[in-house]
Amino acid sequence: MKFSYKEFFSFSFVPLREKVAFARNLGAMLSAGLPLSRALDVIVRQSGNKSFKKTLEKIGGEVRKGRTLSDTLREFPRVFPPLFPAVIAAGEESGSLAQSFASLAEQLERMYALGRKLRGALIYPIIIILVMIAIAILMLIYVVPELSSTFAEFGVAIPASTRALIYSSNFLQNHTLLFIFSVLGAIAVFIIFSRTRFGGRVFDFCALHIPVLREIVRDLNSARTARTLGSLTSAGVPIVASLGVVSDVVQNSRYRAVLLSARSAVEKGQTLSSAFANAGSLYQPYFSEMVASGEETGKLGEMLKETALFYEAEVEQKTKNFSSVVEPVLMVGVGIAAGYFAYAMILPMYTLMNNV
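Since we're looking at a predicted model, the values are computed, not measured.

K.L.:
Outline the overall build of the protein chain, supporting the account with residue identities and numerical values.
P.N.:
Counting its secondary structure elements, the protein chain contains 16 helices and 0 strands. Computed over the C-alpha atoms, the radius of gyration of the protein chain is 27 Å, more than 25% above the 21 Å expected from 2.2 N^0.38 for a compact globule of 356 residues. Reported as C-alpha extents along the three principal axes, the dimensions of the protein chain are approximately 90 × 45 × 30 Å. Of all 356 residues assigned to the protein chain, the portion counted as buried reaches 39%. About 19700 Å² of surface is accessible on the protein chain, with carbon and sulfur atoms providing 62% of the total. Taking the 36 positively charged and 27 negatively charged side chains of the protein chain as two groups, their mean positions are separated by 6 Å.

K.L.:
Any details on the packing of aromatic side chains? Residues and values, ideally.
P.N.:
Inspection of every chain in the model, using the stated rule, returns 17 aromatic pairs. Measuring from ring centre to ring centre gives 5.0 Å for Phe80 and Phe84, while their planes differ by 70°; the resulting arrangement is edge-to-face. Taken together, a centroid distance of 5.1 Å and an interplanar angle of 85° make the contact between Tyr255 and Tyr283 edge-to-face. With Tyr255 in helix H13 (residues 253–267) and Tyr283 in the loop between helix H14 (272–277) and helix H15 (285–297), the pair connects residues that are 28 residues apart, well separated along the chain. For the pair Tyr255 and Tyr283, a shared accessibility class is recorded, and that class is buried. The rings of Tyr255, Phe276, Tyr283, Tyr286, Phe287, Phe310 and Tyr311 are connected pair by pair, giving a single aromatic cluster.

K.L.:
Please give an account of the UniProt feature "domain: Type II secretion system protein GspF" (unreviewed entry) in the protein chain that cites residues and values.
P.N.:
Taken from the UniProt record, the annotation "domain: Type II secretion system protein GspF" (unreviewed entry) applies to residues 22–145 and 226–348. Spanning residues 22–145, this segment combines 82% helix with 0% strand, and its end C-alpha atoms are found 57 Å apart.

K.L.:
Describe in detail the confidence of the model for the protein chain, supporting the description with residues and values.
P.N.:
For the protein chain, the mean per-residue pLDDT works out to 84, and 94% of the residues sit at or above 70. Throughout residues 1–12 the model reports pLDDT below 50, and contacts reaching past four residues in sequence, or to other chains, amount to 17 contacts.

K.L.:
Before we move on, can you summarise H15 with the specific residues and values?
P.N.:
Since the α-helix turns once every 3.6 residues, residues separated by three or four places project in the same direction. A rise of 1.5 Å per residue sets the reference length of H15, with its 13 residues, at 18 Å; its end C-alpha atoms lie 18 Å apart and thus fit the reference within 8%. Phi turns positive, to about 75°, at Gly298, one or two residues after H15.

K.L.:
Lay out the packing of helix H3 (residues 36–46) against helix H4 (residues 50–64) in plain terms, naming residues and giving numbers.
P.N.:
In the contact formed by H3 and H4, the axes pass within 9 Å of each other and the chain directions differ by 165°. In terms of orientation, H3 and H4 fall into the roughly antiparallel class. Of the two elements, H3 crosses H4, and the hand of that crossing is left-handed. Residue-level inspection shows Leu36, Ser37, Leu40, Asp41, Ile43, Val44 and Arg45 of H3 in contact with H4, the latter providing Lys53, Leu56, Glu57, Ile59, Gly60, Val63 and Arg64. Residue classes in the contact of H3 with H4 are distributed as 7 nonpolar, 2 polar and 5 charged.

K.L.:
How would you summarise the pattern of salt bridges if you had to cite specific residues and measurements?
P.N.:
Applying the stated rule across the entire model yields 12 salt bridges. A salt bridge links Glu109 to Arg24, with the shortest nitrogen-to-oxygen separation between them at 2.8 Å. Note that Glu109 is positioned in helix H7 (residues 97–154) and Arg24 in helix H2 (residues 16–31), a separation of 85 residues in sequence. Classification of Glu109 as partly exposed rests on a relative accessible area of 34%. A salt bridge links Glu312 to Arg227, with the nearest nitrogen and oxygen atoms 3.1 Å apart. Of the two residues, Glu312 sits in helix H16 (residues 300–355) while Arg227 sits in helix H11 (residues 213–235), which places them 85 residues apart along the sequence. Given a relative accessible area of 4%, Arg227 falls into the buried group. Three or more residues joined by partner-sharing salt bridges are found here, namely Glu62, Lys65, Arg67 and Glu75.

K.L.:
Give me the lowdown on the domain arrangement of the protein chain, citing residues and values where you can.
P.N.:
For the protein chain, the assigned domains are domain 1 (16–111) and domain 2 (127–355). Every contact between the two is made by 10 residues of domain 1 and, on the other side, 12 residues of domain 2. For the pair domain 1 and domain 2, the summed buried surface comes to about 1000 Å²; carbon and sulfur atoms form 64% of the total. The interface formed by domain 1 and domain 2 includes 2 salt bridges. Of the charged contacts in the structure, one is a salt bridge between Glu106 and Arg227, with a shortest N-O distance of 3.8 Å. For the pair domain 1 and domain 2, the number of links is 1 residue pair in polar contact (both at pLDDT 80 or more). Secondary-structure elements contributing two or more residues to the side of domain 1 that touches domain 2 are helix H6 (83–94) and H7.

K.L.:
Summarise a nonpolar patch on the surface; cite the residues concerned and give the values.
P.N.:
Taken together, the side chains of Leu177, Ile180, Phe181, Val183, Leu184, Ile187, Phe190, Ile191, Phe193, Phe198 and Phe203 make up a nonpolar region of the molecular surface, amounting to roughly 1100 Å² of accessible area. It is helix H9 (residues 176–195) that contributes the most residues to the nonpolar patch, 9 residues altogether. By the element assignment, Ile191 lies in helix H9.

K.L.:
Describe H7, naming the residues involved and giving the relevant values.
P.N.:
Over its 58 residues, H7 runs 82 Å from end to end, which matches the ideal 86 Å to within 8%, given 1.5 Å per residue. Along H7, the sharpest change in direction is near 40° and occurs at Leu140. Phi turns positive, to about 65°, at Gly155, one or two residues after H7.

Scoring rules and cut-offs
- Residues numbered from 1 in each chain as written.
- Predicted model: local features only at pLDDT ≥ 70, side-chain atom pairs only at ≥ 80, totals over all residues.
- Heavy atoms only, no water.
- Helix = DSSP H or I, 4+ residues; strand = E, 2+ residues; numbered from the N terminus.
- Rg over C-alpha atoms; globule rule 2.2 N^0.38 Å.
- Buried < 20%, exposed > 50% of the residue type's maximum accessible area, 1.4 Å probe, protein only.
- Areas by Shrake-Rupley, 256 points an atom, 1.4 Å probe, with all protein chains shown as cover.
- Lys, Arg positive; Asp, Glu negative; His and termini not counted.
- Charge placed at Lys NZ, Arg CZ, Asp CG, Glu CD.
- Phe/Tyr/Trp six-rings, centres within 6.5 Å; stacked < 30°, edge-to-face > 60°.
- UniProt positions renumbered as here; feature names shortened; annotations may be inferred.
- pLDDT = per-residue confidence, 0-100.
- Contact = heavy atoms within 4.5 Å.
- Expected span 1.5 Å × (residues − 1).
- Axes fitted to C-alpha atoms, helices over the stretch in contact; angles between N-to-C directions.
- Parallel < 35°, antiparallel > 145°, perpendicular 65-115°, else oblique.
- Left-handed = near helix turned anticlockwise from the far one by under 90°.
- Nonpolar A, V, L, I, M, F, W, Y, C, P; charged D, E, K, R; others polar.
- Salt bridge = Lys/Arg side-chain N within 4 Å of Asp/Glu carboxyl O.
- Domains from an automatic or database assignment.
- Buried area = accessible area lost by both parts, 1.4 Å probe.
- Polar contact = N/O pair within 3.5 Å; in protein donor to acceptor, adjacent residues only side chain to side chain.
- Patch = residues over 30% accessible without salt bridge, like charges linked within 9 Å, V, L, I, M, F, W, Y side chains within 5 Å.
- Bend = angle between axes of the 7 residues up to and from the residue.

Here is the structure:
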């Protein structure tokens, strides 16, 4: 994914839960017999998100001009990813638009639930790390200067560990603005780098090689692949087009490359299961076996949805395991940091007491 400064500095954002409500409510109104244009007007009045409201108003205007909903949604890729127009186009062709929206809402709800569980697993360690950093900064600003002035007054020999803390404290006090701008600059560089194509690949590679986390990443991408591909297949979208859409849904570039390779293989006449079997390091044999079973029985969509349920359950369990693993690691980190500070500050005090 190429980095775009226009996209980076754009503040229009539509939460996933808003899109879930859009798909669910629009499908319900279409099932009740409301015309599409009227149903869109109702959702515009109900929406509390100003950015989403403006987008829906534009979509409603284009639909009233006679354009199809799927073609109109393709003009708003930042709000509606390729999954939306692909499923809706299949519903328009088959005359089952309401069912397509129901399927789309289910898909989005699953994605939202998985994302919420992952965020929940990461909140605790992030809070602990931020609290540790805040305490360390406060100690460097208020505690270390008092102790260092005492050591200097009595001419105590200061070890290297204590000098490092005193130097850090002096830097924070004398260059506070520089420190703040350095931190903000580092965060900005990190975000910009992560949005470049090379940076994204670096982070994707790291995510697949960090113990514990790599299993969650693998199962999460497998779940999204199965869920999205199953929804598209059930909606009647051709398998080649479905693979292209799924490649835009998965977040890891390694998985995206596998899906594009699978699309090329299917275009050449190979089976979908064989394409996934060749990517055993990313997709487990269970995945390719379930796809093979679906191809043989003619129930590919159903088998993929069952596969998605399996991997979603795995993600839920492994996020819980991740939390249980991270907690003791954080406690060890807190202990090491506290021990270092105590050693660096207490050692000169012992020297001072011995001199007295």
